[in-house]
Amino acid sequence: MALRDILIHPDPRLKKVADPVADVSTELRRLADDMLETMYDAPGIGLAAPQVGIPSRLLVMDCVKEEGAPPRPMVLINPEITWSSEALNTYEEGCLSIPEQYGDVERPAEVQVTWTDLDGERQEEQFSGLWATCVQHEIDHLNGKLFIDYLKPLRRQMITRKMMKLKRERARA
Ligand code: NI
């Protein structure tokens, strides 16, 4: 396994709609392993393939946050939201592609999601709480959407300017 570089906003690769995964190849398994390792290392609770520069509909997540609870690494291939609750929930979201910036985003509190797992089997699960927010945030990445797209334009522009400055500083270092 290997850590992958996480793209930082703004980057045109973060704005593209990702392509469906055609089959669960050895290469795809390696990518999923690398993404989980990269996510835990960051640390973060979710990561989508476009964030490591791969335009495929694949995401990983683990939203277990209870101290001492076993981890639950999940790999979702070609995920689709098949139902969203009318009830909404607001979380202060962040993103590994937008380091140290946070903003309140309102989303459906519960979602039903189907996806293909690493064995090529179709899975279905209803997510709530942080899991629901995370899976929606990560599926947004597959559609070229970032959490800052839900914020007011001025706030979004301010964050984007900060990220451009961060990227310039990193390029000089
Ligand atoms: Ni994100």
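Each remark here, short or long, concerns the structure printed above.
None of the values given here were measured: they were computed from a predicted structure.

Draft legend 1. Focus on the pairing of strand S5 (residues 98-108). As paired strands, strand S4 (residues 88-95) and S5 are joined by seven bridges and run antiparallel to one another. Each bridged residue has a counterpart across the sheet, and for Glu 92 the counterpart in S5 is Asp 104. In textbook terms, the turn of a hairpin is the stretch between consecutive antiparallel strands, and for S4 and S5 this stretch comprises two residues.

Draft legend 2. Fine view of helix H1 (residues 26-41). If you check H1, its first and last C-alpha atoms are 23 Å apart, about what 16 residues at 1.5 Å a residue would give, namely 22 Å. Here H1 has its buried residues at Leu 28, Leu 31, Ala 32, Asp 34, Met 35, Leu 36, Thr 38 and Met 39. Residues of H1 that are buried sit in contact with strand S1 (46-48), strand S2 (58-61) and strand S3 (74-84).

Draft legend 3. The arrangement of the coordination of the nickel ion in detail. Every protein donor of the nickel ion is listed here as Cys 95 (SG), His 137 (NE2) and His 141 (NE2), and their distances to the metal cover 2.1 to 2.3 Å. Spacing between the donor residues of the nickel ion along the chain follows C-x41-H-x3-H. With a gap of four residues between them, His 137 and His 141 both fall in helix H2 (residues 129-142), about one helical turn apart. Note on His 141: relative accessible area 1%, which makes it buried.

Parameters and conventions
- Sequence positions are assigned chain by chain, starting from 1 and proceeding in written order.
- It should be noted that, the model being predicted, local features are given only for residues of pLDDT at least 70 and side-chain atom pairs only at 80 or more, the latter also being counted only at that level, while totals for whole chains, interfaces and linings use all residues.
- As a rule here, side-chain values come from all non-hydrogen atoms in the structure, and water together with hydrogens is ignored.
- Paired strands, in this sense, are two strands between which DSSP finds at least two bridges.
- Numbering goes from the N terminus for both helices and strands, where a helix is a DSSP run of H or I of at least four residues and a strand is a run of E of at least two.
- What a helix should span is 1.5 Å times the count of its residues minus one.
- A simple rule labels every residue: compare its accessible area, found with a 1.4 Å probe on the protein chains alone, to the largest value its type can have, and call it buried under 20%, exposed over 50%, or partly exposed in between.
- By definition in these notes, contact holds between two residues if any of their heavy atoms fall within 4.5 Å.
- Because water is not among the atoms used, a metal site may look incomplete, as its donors are only the N, O and S atoms within 2.8 Å, or 3.2 Å for Na, K and Ca.

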